[in-house]
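Single-letter residue listing:
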Amino acid sequence: MKRIILKQGEEDRILLGHPWVYDNEVDRILDGPQPALLRPGELADIESSRKTYLGRAIANPQSKIIARIYSPSKEGMDTGFFKRRIRESLERRFSQGSCRQGSNLYRESARIVFGEADFLPGLIVDRYTGWPLESAQAASQTACTERPLTPELVEAKLGPPASWLAVQFLAYGMDERREDILDALEYTLEWFRPAPAGGPVEGDRKEGGGRPLGIVERSAVKARELECLPLREGLARGSIPHGILIFENGLPFVLNLEQGQKTGHFLDQRENRLLAASYAEGARVLDAFSYTGGFGIHAARGGAVRVVCADSSAPALEAARLNARLNGVEDRLTVVESDIFELLRLYERRREEFDLIILDPPAFAKSRSNINDALRGYHEINLRALRLLSKGGTLVSCSCSQALDDGRFRRMIAEAARDADRRLVQKDFRHQSADHPILLGYDESFYLKCGVYQAL
Ligand code: SAH
């Protein structure tokens, strides 16, 4: 096993839990006593300048991140390793009542592997649990005419749910072990059963999991270019239906695993959608950057009188409309295809007013280098949204830019409030859903911010 010896002092960040080694932190690479070169994807041991053992990593000399530590000990990386790690990931989410007490998250869709934060650097796995739909039409006519659809209605008609996976390989060492990982995923999910702490979880039928019927790869992401990996998308195992009907917080949503954005559905906002909906009773709602209506539909089901879902993506809005029908709220929900910056200006000219505005834009800051441009963008949408907000209205403002920390985000909101001449009271401040764990010392896992503010 080759050894990567760090320069003096470079171990501090790693000792705090950060798993990456940057190429400029390396003093020398040794194979036995000899200097050596690393091959992309190979395993290597990391040591401090004083020869303290720091862990075992997957290496990639083509990347600025030359090594990603996956274990504090000298364990190998074979199928057995992947099975172990995946099982641990599932247990962290489903067996300790850690995600949400009392509800059976195992039957809901969730991120089951969140890369470094699950000690599987560069591997993302989302599992969607639901029912297959062969066409968009099938979706709108789905199963039963009762609205809103409930899991019980669908299950009575179509039988128990199945599951499918969307995966991303974002590090060379993971991409190289793709087949081992897919084998381990299929095997582990087939046999895993959640073991609830303190007795069975209500509604636990020890199913809803099982071997996935299909695995789709969604690795056409920029991060792969930094690893010198080609962009790749498409079916990896089994088959994927045209659409999948899932339930989130008990509400039906249809998604498309192959064409949807990212891995199909933004699972990281699951809990924040419920939070936003708790402010929706009787409200006129604007869900800006709505994608398929995640927030807007929760708000409509939460008692909103009128909801506008706005996004620049026509297919996303088409899905939002379908989701509204399945939820029985199409009379209260309209979709608007527009650039949000323009729409907010238009609404201001028209003196439109809303009681609840949700802003959930894409990551404006892709890295620390464009943080100032990003802040200008965030400031603008928050300022304009505040101008549309009624007295006492609620702003739910999100940012998924990892480069923007909580403090800077809150300051941006305060600056937008100053410029809009509004006073804000923070009602809540959350991060991503619990199935996207936060690893202390690894700030990259601390990315989603969701602030709830009441405007006086
Ligand atoms: N709120 C959504 C997720 C939003 S993802 C949910 O809960 O699922 C960000 C969305 O912003 C994408 O759907 C993308 O199409 C849209 N988008 C990006 N830039 C935009 C712009 N300038 N104007 C309008 N929509 C935009």
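Residues numbered from 1 in each chain as written. Predicted model: local features only at pLDDT ≥ 70, side-chain atom pairs only at ≥ 80, totals over all residues. Heavy atoms only, no water.

1. Some words on the site of the ligand
Now for step 1: Around the ligand, the structure places 15 residues, and the nearest of them are Arg-273, Phe-289, Asp-311, Asp-339 and Asp-360.
Now for step 2: Residue Asp-311 places a side-chain N or O atom 2.7 Å away from an oxygen atom belonging to the ligand.
Now for step 3: Between the ligand and Asp-339, the relevant distance is 2.8 Å, taken from a nitrogen atom to a side-chain nitrogen or oxygen of the residue.
Now for step 4: Here the ligand loses 89% of its free accessible area of 580 Å² to cover by the protein chains. (Near = heavy atom within 4 Å. Polar contact = N/O pair within 3.5 Å; in protein donor to acceptor, adjacent residues only side chain to side chain. Areas by Shrake-Rupley, 256 points an atom, 1.4 Å probe, with all protein chains shown as cover.)

2. A look at the packing of helix H12 (residues 371-388) against helix H13 (residues 406-420)
Now for step 1: Where H12 meets H13, the axes come as close as 8 Å, and the angle between the chain directions of the two elements is 45°. Classified by the angle between their axes, H12 and H13 sit oblique to one another. Relative to H13, the crossing made by H12 is right-handed. On H13, the residues that touch Leu-375, Tyr-378, His-379, Asn-382, Leu-383, Leu-386 and Arg-387 of H12 are Arg-408, Met-412, Ile-413, Glu-415, Ala-416, Ala-417, Asp-419 and Ala-420. (Axes fitted to C-alpha atoms, helices over the stretch in contact; angles between N-to-C directions. Helix = DSSP H or I, 4+ residues; strand = E, 2+ residues; numbered from the N terminus. Parallel < 35°, antiparallel > 145°, perpendicular 65-115°, else oblique. Left-handed = near helix turned anticlockwise from the far one by under 90°. Contact = heavy atoms within 4.5 Å.)

3. Looking at the packing of aromatic side chains
Now for step 1: What the rule picks out here adds up to 12 aromatic pairs.
Now for step 2: Judged by centre distance (5.2 Å) and plane angle (70°), the rings of Tyr-70 and Phe-81 are edge-to-face. Of this pair, Tyr-70 sits in strand E7 (residues 65-71) while Phe-81 sits in helix H2 (residues 79-94), and the two are 11 residues apart along the sequence. Of the two residues, Tyr-70 and Phe-81, neither departs from the other in class, the shared state being buried. (Phe/Tyr/Trp six-rings, centres within 6.5 Å; stacked < 30°, edge-to-face > 60°. Buried < 20%, exposed > 50% of the residue type's maximum accessible area, 1.4 Å probe, protein only.)

4. Here's the deal with the side chain of Asp-428
Now for step 1: Tracing the sequence through the fold places Asp-428 in strand E20 (residues 424-430).
Now for step 2: Within the structure, the side chain of Asp-428 is placed 3.2 Å from the side chain of Arg-430, a separation counted as a polar contact.

5. Some words on the pairing of strand E17 (residues 333-337)
The two faces of a sheet get side chains in turn, since along a regular strand they alternate between them.
Now for step 1: Pairing of strand E16 (residues 306-311) with E17, which is carried by five bridges, proceeds in the parallel orientation. Opposite Ala-310, over in E17, you have Val-336 as the bridge partner.
Now for step 2: Where the polypeptide runs from E16 across helix H10 (residues 314-326) and back to E17, its parallel neighbour, the crossover connection is right-handed. (Pairing = 2+ DSSP bridges. Right-handed = clockwise from strand over helix to strand, strands pointing away.)

6. Quick word on the sheet that holds strand E19 (residues 389-399)
Now for step 1: Within the open sheet, the seven strands sit side by side as E17-E16-E15-E18-E19-E21-E20. Their pairing is mixed. Only two strands of the sheet have a single partner each, and these edge strands are E17 and E20. Pairwise comparison of adjacent strand axes, ignoring direction, gives a mean angle of 15° for this sheet.
Now for step 2: Along the sheet face, helix H11 (residues 340-349) touches strand E15 (284-288), E16, E17 and strand E18 (354-359) and points at about 140° away from the line of E16.
Now for step 3: Against the sheet, H12 engages E15, E18, E19 and E20, with an angle of about 160° to E19.

7. Details of the sheet that holds strand E6 (residues 53-59)
In a beta sheet, neighbouring strands pair by backbone hydrogen bonds and run either parallel or antiparallel.
Now for step 1: Reading across the sheet, the seven strands line up as E2-E7-E6-E5-E1-E3-E4 and stay open at both edges, with mixed pairing between neighbours. Among the strands making up the open sheet, the edge pair consists of strand E2 (20-22) and strand E4 (34-35).
Now for step 2: Two strands pair when backbone bridges link them, and E6 and E7 are joined in this way by four bridges, in the antiparallel orientation. Along E7, the bridge assignment pairs Ile-58 with Arg-68.

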